[in-house]
Every structure is written in structure tokens, then in C-alpha cells.
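Each chain is listed here by its residues.
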Amino acid sequence: MDDLLSRTRAAVWHPCTQMKALEATPPLAIARGEGPWLIDTEGRRYLDAISSWWVNLFGHCNPRINAAITDQLGRIEHVMLAGATHEPVVALSERLAKLTGLGHAFYGSDGASATEIALKMSAHFWRNAGQPEKNGFISLKNGYHGETVGALSVTDIPLFKCTYAPLLRHTVQVPTPDARLAEPGESAEAFALRCADALEAHLAGHAATTAAFIVEPLVQGAAGMAMYHPAYLKRARELCTQYRVHLIADEIAVGFGRTGTMFACEQAGIRPDFICVSKGITGGYLPLSAVLTTDEVYAAFYGDATARGFLHSHSYTGNPLACRAALAVLDIFEHDNVIAANRVKSAEFTGVLAEAAAHPRVRHFRHLGMIWAFDVTDAGPGFSSRFHQAALAQGAFIRPIGGTVYVMPPYVTNADEMRSLADTIRVCLADPRI
Ligand SMILES: *Cc1c(COP(=O)(O)O)cnc(C)c1O
């Protein structure tokens, strides 16, 4: 294992990491996975409490997803999607259309590329509609939409953004409806509507130069699992329609059942103009993202002029192996009635976490679907790393965001595993040095 760690330090530049920090806290050397468990090269087991950066839904080495990919391997591993098509990409597009009501699927590989595609498509739509000046973007304060240059322009996390500010396009951030920011005595709903008023004020002055408003529906993940009332989305939909600005729902983290419904937008009863999906779409197996959009948007690109079409591409667009993994994931959702089963799990796990929720160091305990989060009142500098290390020693892989601890386990996690996770959290909270 030491050998693997020295080799990784020498040859691999790890993401979202100050490499020097790996001297003090080496990465886990993972050899295998099994359901919600990660198993390192020494055989130690860690509960993957954050689903490997929110991507894993049905556990590691899931036999059903493995079988689908293996079957596809014997047919065709990849073919370019310009000038060719194949059953997995067609079937997946049909099923995503049924699930979202958005009938046209454009594919990318990572979440950030889905954001780029949605932004470009929106601005290009307005250009094709004879309004090229509508090319500005609005996003929420503390929002996260990925880290490529276009996506980072609508992201609002200073740690990721400030260094690259000179490379980015100017965009506007409107107040976040994050329920933690409500005035004392103000309901989450009233606060959400007050924030929507600020969105309206901006749209009233700038709709003529605005292409789209992009949001993470219900949960701002990278902001620290900030949750807000669905009334905000409902009002945002009305305002975007009224002011003729596209609404882009970034469901990259919250899609595929994470918030308790297949897509978070369902809880607000809205249909956005674009939905970006990735992360859970392949159950955490292979990189795949998609942007789904309306007939109206699609029609604006359809015509004889080449340049009127959406001339965007990635080499691995619509990769058949990734599409088969996604189809297997959708089969599991249907066959195992996962949304209903998760409702039961969600209530049960909330009960299991009641003691942590009531801990004196904990405030703003919050929960939606298969996401639980709380803020630690006295979290000092280095808290996240200390908590992470302490949890590892207890057999759980948890990575707090600043002073926010969250768990977002794979849906195959059972009650016993959840209890052991709650014990780990209790032990960590009980240690005043963490
Ligand atoms: C993770 C994430 C992205 C970016 O996806 P990548 O695959 O990491 O590029 C974009 N938006 C949201 C809401 C995310 O959580």
C-alpha cells in the first residue's frame, strides 16, 4: 500500500486537493467495492457515506449494472454519435423524455459539460430567435454548476472561483433561498418568496439581455447541502415564463431520487426549459451527462442552415456502455420501486440520526429524501479534515464541507449500516478536539 501511495503522489494529480496535504493525510488506497462499502488494499472497510461524491446509487459492483455493461461490451463499446446511432442511446433518450417531459436529449460526459451545453443552447436559441442580445446568465448566490470555464462563470463558490476570475464571463447572482438565512420567525416558504422577489426585480430590469436562470433545485449541494422551499422554484418558473428567460434546472446532484422524487423539480410541480443530469445517471459507474430540453428549443435549431444547428460535440457523446449502465439504473428504479422504498428508508434513517440532530454542537439539522446535513456550531479551521480522519478511523468515509457534515449514502445502505454511521457521527461529535 505504501508503494501505491508514493506512486499516486508522484504520478496522479488528485482533484480538489492541495497535493502537499497528501503528505499528512494520504488518500485511501481502494482495492474493491461491495454494496455501500469501500475496501482498501489492507482489507479495511469504509462505509461510502457520500456515495463517492454523490454518484453511486445502488452500491459498488452492483450485479445488475455489471451484467448490463458486460452484455454491451460484447456488442459495441463505442461509436461516434455524429452520423451514427445505437439502441442504448435511443432507448435512454426515450426513457428520460418520459420521466422529465422534455423530449430531446443531448449528451456530454461530465456534469460541467452538461452545464456548458445548456448555457450554449440557451444563448443560441435566442440568437436563432433573432434576439442575440439575450446572452446573459443569472444564478443563485452560493450555487455550484461545475468548474470548466463557462460553468464556473455561473458557479458562486469563492474558493473554486476567485483564482480564475479573470478567465470568467460576468454573470449575476441573485439571493439564495437557503432556509438557514431566513429571519427569526420567518418560514422557509416566506423567505423563499422574498428571495423570488429579488429575482423578479432583476428580471424586470434585465430580461432583454438575459438568456437563462440556472438553479440547483431544492438543494445547493456544494454550498453545504443548503436546502430551500419548493415555492421558490414555482415562482421562478412563473417569472422566467413571464419575462421570457429560460429556466435551467441543474439536477446533476439531486436527480435520480436523491431528494425523494425522481427529479427535484417534481416537488415544485414545474417543468424547466432545460434539465441537466449526470452523477447518479449511471449509478456511479461511467461518466455520462445529458441536457434535456423542450420541443420549442429543439425546433429553433431545426432548419437548412448548418450554423443554425447546435454544433457542439464531445468525442464520447452517448457512449453505449454508459447508456447501458443508465438503462440498468432506470430498470432498478422501476423494478424495485426505489422511490417508494426510499421514502420508508428516509424516515427510518432520520430516526436513526435523531441523537446527532439533538446534539448541542449541532444546528440546522436538515433532511430531504436521501440527504442529511447539519452545521457544527464550533467547527474551527481544519474541522472538515479532522472529522474526515476521525470518521475513517471508525470505518466511514465522510467529507464535511467546511463546518457542514452531511451524509448521502447509496440507496442500498441498510438500517444496521445507517446505525453504525450514526454511531460514527456521535463519536466524532463527542470529541471536542474535532
Ligand atoms: C457535481 C455537480 C456539477 C458538476 O459535475 P461534474 O461531473 O463534477 O463536472 C454540476 N452541478 C452540480 C449541481 C453538481 O453537484
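Since the structure is predicted, the reported quantities are computational estimates derived from the model, not experimental observations. (Residues numbered from 1 in each chain as written. Predicted model: local features only at pLDDT ≥ 70, side-chain atom pairs only at ≥ 80, totals over all residues. Heavy atoms only, no water.)

Draft legend 1. Main features of the overall build of the protein. For the protein, the helix and strand inventory stands at 16 helices and 16 strands. Its C-alpha atoms give the protein a radius of gyration of 22 Å, near enough to 22 Å, the size a compact globule of 434 residues would have. Dimensions of the protein, computed from C-alpha atoms along their principal axes, come out at roughly 65 × 60 × 45 Å. Counting the 434 residues in the protein, one finds 54% classified as buried. The long-range fraction of contacts in the protein, counting pairs at least 24 apart against all pairs at least 6 apart in sequence, stands at 71%. Carbon and sulfur atoms provide 56% of the accessible area of the protein, an area that totals close to 18900 Å². On the protein, the mean spot of the 37 positive side-chain charges and the mean spot of the 42 negative ones are 2 Å from each other. (Helix = DSSP H or I, 4+ residues; strand = E, 2+ residues; numbered from the N terminus. Rg over C-alpha atoms; globule rule 2.2 N^0.38 Å. Buried < 20%, exposed > 50% of the residue type's maximum accessible area, 1.4 Å probe, protein only. Contact = heavy atoms within 4.5 Å. Areas by Shrake-Rupley, 256 points an atom, 1.4 Å probe, with all protein chains shown as cover. Lys, Arg positive; Asp, Glu negative; His and termini not counted. Charge placed at Lys NZ, Arg CZ, Asp CG, Glu CD.)

Draft legend 2. Fine view of the domain arrangement of the protein. The domains assigned to the protein are domain 1 (2-61 + 336-430) and domain 2 (66-335). Each partner contributes residues to the interface: domain 1 has 31 residues there, and domain 2 has 30 residues. Both faces combined, the contact of domain 1 with domain 2 buries some 2600 Å², and carbon together with sulfur accounts for 65% of it. Taken together, the links from domain 1 to domain 2 amount to one salt bridge. A salt bridge links D375 to R180, with the nearest nitrogen and oxygen atoms 3.0 Å apart. (Domains from an automatic or database assignment. Buried area = accessible area lost by both parts, 1.4 Å probe. Salt bridge = Lys/Arg side-chain N within 4 Å of Asp/Glu carboxyl O.)

Draft legend 3. Main features of the pairing of strand 12 (residues 289-293). The element strand 12 is largely enclosed, with a buried count of five among its five residues. Burial along strand 12 is two-sided: the face carrying S289, V291 and T293 and the face carrying A290 and L292 are both buried. In this sheet, strand 12 lies alongside strand 4 (residues 104-108) in antiparallel orientation, the contact comprising five bridges. Each residue of the ladder has a partner; that of F106, found in strand 12, is V291. (Pairing = 2+ DSSP bridges.)

Draft legend 4. Expanded view of the pairing of strand 5 (residues 136-140). When you tally the buried positions in strand 5, you get five out of five residues, the bulk of the element. With four bridges connecting them, strand 5 and strand 7 (residues 210-215) associate as parallel partners. Bridged to S139 within strand 7 is I214. Of the strand pairs in this sheet, strand 5 and strand 6 (residues 172-174) are connected by three bridges, and their pairing is parallel. Bridge pairing in strand 6 places L140 opposite V174.

Draft legend 5. Main features of a nonpolar patch on the surface. Taken together, the side chains of V149, Y164 and L167 make up a nonpolar region of the molecular surface, amounting to roughly 300 Å² of accessible area. Along the polypeptide, Y164 turns up in the loop between helix 8 (158-161) and strand 6. (Patch = residues over 30% accessible without salt bridge, like charges linked within 9 Å, V, L, I, M, F, W, Y side chains within 5 Å.)

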